[in-house]
Amino acid sequence: MVEPLPLSLHIPEPRFRPGEKPDFSALRTSAPGEARRPPIDASPAEMRDLTDGLIRVLDADGRAVGPWDPHLEPERLRQGLRYMLLTRAYDERMMRSQRQGKTSFYIKSTGEEAVAVAQAMALDKGDMLFPTYRQQGLLIAREWPIFEMACQVYANAADRLKGRQLPVMYSAREAGFFTISGNLATQFVQAVGWAMASAYKGDTRIAAGWIGDGSTAEGDFHYALTFGAVYRAPVILNVVNNQWAISSFNGLAGGESATFASRAIGYGLPGLRVDGNDFLAVTAATQWAAERARGNLGATLIELVTYRAAAHSTSDDPSKYRPSDEANYWPLGDPIERLKDHLIAIRQWSPERHVQLTAEAEETVLAAVKQAEAIGVLGQGRRPDPSTMFDDVYKQMPWHLREQRREMGF
Amino acid sequence: MPQLNLAQALNSAMDVMLGRDPDVLILGEDVGYFGGVFRCTDGLQRKYGARRVLDTPLSEGGIVGAALGMGVYGLRPVVEIQFADYAYPAFDQLASEAARLRYRSAGEFWAPLTVRTPYGGGIFGGQTHSQSPEALFTHVCGLKTVVPSNPYDAKGLLIAAIEDDDPIIFLEPKRLYAGPFDGHHEGAAVSWAGHPLSEVPDGHYTVPLGKAAVRREGRGVTVLAYGTMVHVALAAAEEAGVDAEVIDLRTLVPVDLEAIVASVEKTGRCVIVHEATRTGGYGAELAALVQEHCFYALEAPIARVTGWDTPYPYAFEWEYFPGPKRVAETLVRTMETRA
């Protein structure tokens, strides 16, 4: 008689821990230019290969190659570079502010700036964005004032959110930027609902939602893909696979056995797996999905493969769970460097101009942040009127909140 | 004036609002072609089309999340959650999202969402078709919680809820859809026909949110009730021969404190009844309010008659349900107590 095999549990572990030498050779990639570009009305069943490959445009020499080259004007490329540099400079400045005690909390997007900046630029101004807390580049690319962003982080008297939200949980209706939730993933299906409403009204605007690799494990991810597919909602659903959810590597969200883009297959949606650090590839994939949505052809899932080069937040210490130099081994490079190299390769840029633009971005950020700091920072200067903390719970304040406001002494 | 049962009155409210406002749409499981498992949306898809009365996947979290996005766009979605027992997958979208959008965005974003859902027992639904989860919603700031007890109010409150710009949990006492129910389960079911509150006007009217109604005037004891328990309390008062004043709260948040205080100051006694489990139930909030605002008028301890702190047991429905006998006993005991 054969003894039955004892069952064993697979516990996913990242390949490298602190002190070990990172090696990303197992990361599935394709050569730049290798992925094919199907027509926008292609059937999702005929493009499953795109969920497993990697859409890339920029090659190692900074040239744009292959069918996904969006052929952007140099001026637009320089604009994208400028927005990414502004985003990085803003992140660095606010990180320093947190270390100086001017705010309790900050979240950087270092290393993944191309995702938000290229996607914002690939969409129309009227399209509605449902971001996570790591897409500050969307606001910067939509030219939302950095001053407003800094006031929110400082929760000062000019904070449009009146000191109610954790730093970086921005909201900017005028910029088509939905209020950020700290409850992850909820915005994903809300984006689908907004897109359904736009279609219901015969509008022409589409929606885009973002989610991290980690929070694809939430039910909202499944809801979003289900509703997006069922009603062919005009929405772009973006998974920012930056490899890490705080200390959890993406294998804990099921990234070991299949790509996040391939989740689309089971829903009958097109899925595109894209080099998230390739400004041109991100632009092209987003344009493709937007065109599809505008043509009433429905939703697209895009996985943006990138790397969270910074800590999760100022409250996190990644050296405790991953090699501290892991970012240096990331095979898809740095999005700013890669776009810079491309502009130089096509003779539309120079190292000198880059140094100058970087300095200008830092100065722009510094001026805006100083202006915000002159009003107040956390615990110092002018803060929002605390009597307003009872407003906006409801459209009109009910008796019990009026009573509590009185009890508070207002 | 047409006589409608409670389900028909709700149908009429949605019919009126679909007809008046192109931004109103209905969505939920089985609500479209089929007309809903309790028939509340019967005929609406035929009249307004599949685009406006939308069948959805079996996905409460998805329905509410998508409806929230629609509300942010500018529509007025009316969601049906097939049973209140199924609302839990949507709880994050309700408690963390719908309830807080306006606050966290400082008024930039909001979703005028109405979530209708049948709740309560009395239909042999067992654990997953009988619950009364109102306290989970009344505890969430930013939500309003509404519970009608009759066809007239059901229509007027639902229209008021759909027109309101805040997210609303609209709990429908499912045992009352077809007729009033006083807890005497052993007798034949009664229909709404002939009941004065089944006279439901055609067209548009509202019953204001946040306003209670006195269903029976009395000077001996105040009974605070809502939903099915309004009818149970009325029967219990008659059967106990107690001079009870029965208040139908209609809206739990914001609650009509003035009506509660006026009554308890008059009677000096208060009995709170609800079907939901006792611990942490909405009755605890009511008891606290009465104690805070009416302490010196009280002549007896505030009493609660509620469902037991167990899951709703299928075969023991009538041991679980706080029927007229239990309510009557508590009324008598409260009347006999002297401070």
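**Brief notes about the overall build of chain B**
The number of helices and strands found in chain B is 12 helices and 12 strands. Expressed as a percentage of the 339 residues in chain B, the buried residues total 60%. Within chain B, counting contacts between residues at least 6 apart in sequence, those at least 24 apart form 77% of the total.

**Observations concerning helix H8 (residues 279-294) of chain A**
Residue and element names in this part refer to chain A. A rise of 1.5 Å per residue sets the reference length of H8, with its 16 residues, at 22 Å; its end C-alpha atoms lie 22 Å apart and thus fit the reference within 8%. Burial analysis of H8 places 13 of its 16 residues in the buried class, the great majority of the element. Note on H8: the residue one or two positions beyond its end, Asn 296, has a positive phi of about 60 degrees.

**So, the sheet that holds strand E8 (residues 221-225) of chain B**
Residues and elements named next belong to chain B. As summarised here, the arrangement of the 5 strands in space is E7-E9-E8-E11-E12, forming an open sheet in which the pairing is mixed. On the outer flanks of this sheet lie strand E7 (213-216) and strand E12 (303-307), each paired with one strand and no other. Ignoring which end each strand starts from, the neighbouring axes of this sheet average 25 degrees apart. Pairing between E7 and strand E9 (residues 244-248): 3 bridges, direction antiparallel. Note that in E9 the partner of Ala 213 across the bridge is Asp 248. Those strands touched by helix H10 (residues 282-294) are E8, strand E11 (270-277) and E12, and its axis lies near 160 degrees from that of E11.

**Looking at the packing of helix H3 (residues 60-73) of chain B against helix H4 (residues 91-98) of chain B**
All names here are of chain B. Orientation of H3 relative to H4, taken along the N-to-C sense of each, is 30 degrees, at an axis distance of 8 Å. Classified by the angle between their axes, H3 and H4 sit roughly parallel to one another. Residues Gly 61, Val 64, Gly 65 and Leu 68 of H3 form the contact with H4, whose participating residues are Asp 92, Gln 93, Leu 94, Glu 97 and Ala 98. Per-class residue counts for the contact of H3 with H4 are 4 nonpolar, 3 polar and 2 charged.

**Observations concerning the environment of Pro2(B)**
Residues and elements named next belong to chain B. Structurally, Pro 2 can be placed in the segment before helix H1 (6-20). Once the C-alpha coordinates of Pro 2 and Glu 199 are considered, the two residues, 197 residues apart in sequence, prove to be 5.9 Å apart. Ignoring sequence-local partners within four residues, the contact set of Pro 2 consists of Val 200 and Asp 202.

**Some thoughts on the confidence of the model for chain B**
Summing up the model confidence of chain B, the mean pLDDT is 97 and the portion of residues at 70 or higher is 100%. Scoring the predicted complex yields pTM 0.98 and, for the interface, ipTM 0.97.

**A look at the nonpolar core**
Formed by 225 residues in total, the largest nonpolar core has its most connected members in Val235(A), Val223(B), Ala233(B) and Leu331(B). At 10 residues, H8(A) tops the list of elements feeding residues into this core. Each of domain 1 (6-198) and domain 2 (213-336) of chain B accounts for three or more of the residues forming this core.

**Considerations on the domain arrangement of chain B**
Residues and elements named next belong to chain B. Along its sequence, chain B is organised into domain 1 (6-198) and domain 2 (213-336). The C-alpha-based centres of domain 1 and domain 2 are spaced at 25 Å. Listed per partner, the contact involves 31 residues of domain 1 and 30 residues of domain 2. At the level of secondary structure, the elements contributing two or more residues to the side of domain 1 that touches domain 2 comprise helix H6 (134-138), strand E5 (144-146), helix H7 (151-163) and strand E6 (168-173). Of the residues contributing to the side of domain 1 that touches domain 2, the split by class is 12 nonpolar, 14 polar and 5 charged.

**Points about the interface of chain A and chain B**
Across the contact, 35 residues belong to chain A and 36 residues belong to chain B. A total of 11 residues in the side of chain A that touches chain B trace back to one element, the largest contributor, which is helix H5 (residues 186-200) of chain A.

**Let's talk about the pairing of strand E3 (residues 76-80) of chain B**
Working note: regular strand, side chains alternate between the two faces of the sheet. Residues and elements named next belong to chain B. For E3, the tally of buried residues reaches 5 of 5 residues, placing the bulk of the element in the interior. Neither face of E3 is exposed, since Arg 76, Val 78 and Glu 80 on one face and Pro 77 and Val 79 on the opposite face are all buried. For strand E1 (residues 24-28) and E3, the ladder comprises 5 bridges, and the chain directions are parallel. Bridging from a neighbouring strand, Gly 28 pairs with Glu 80 of E3.

**A closer look at the sheet that holds strand E2 (residues 53-55) of chain B**
Residues and elements named next belong to chain B. Read across the open sheet, the 7 strands follow the order E2-E1-E3-E4-E6-E5-E10; overall the sheet is mixed. Where the open sheet ends on each side, the last strands, each with one partner, are E2 and strand E10 (251-253). Adjacent strand axes in the sheet meet at a mean angle of 20 degrees when their direction is disregarded. For E5 and E10, the ladder comprises 2 bridges, and the chain directions are antiparallel. Bridged to Val 146 within E10 is Thr 251. Lying over the sheet, H3 contacts E1, E3 and strand E4 (114-119), oriented at roughly 170 degrees with respect to E3.

How each quantity is defined
- Residues numbered from 1 in each chain as written.
- Chains lettered and ligands numbered in written order.
- Predicted model: local features only at pLDDT ≥ 70, side-chain atom pairs only at ≥ 80, totals over all residues.
- Helix = DSSP H or I, 4+ residues; strand = E, 2+ residues; numbered from the N terminus.
- Buried ≥ 20, exposed ≤ 12 C-beta atoms within 10 Å, placed from the backbone.
- Contact = placed C-beta atoms within 7 Å.
- Expected span 1.5 Å × (residues − 1).
- Pairing = 2+ DSSP bridges.
- Axes fitted to C-alpha atoms, helices over the stretch in contact; angles between N-to-C directions.
- Parallel < 35°, antiparallel > 145°, perpendicular 65-115°, else oblique.
- Nonpolar A, V, L, I, M, F, W, Y, C, P; charged D, E, K, R; others polar.
- pLDDT = per-residue confidence, 0-100.
- Core = buried A, V, L, I, M, F, W, Y, C linked by C-beta atoms within 7 Å.
- Domains from an automatic or database assignment.

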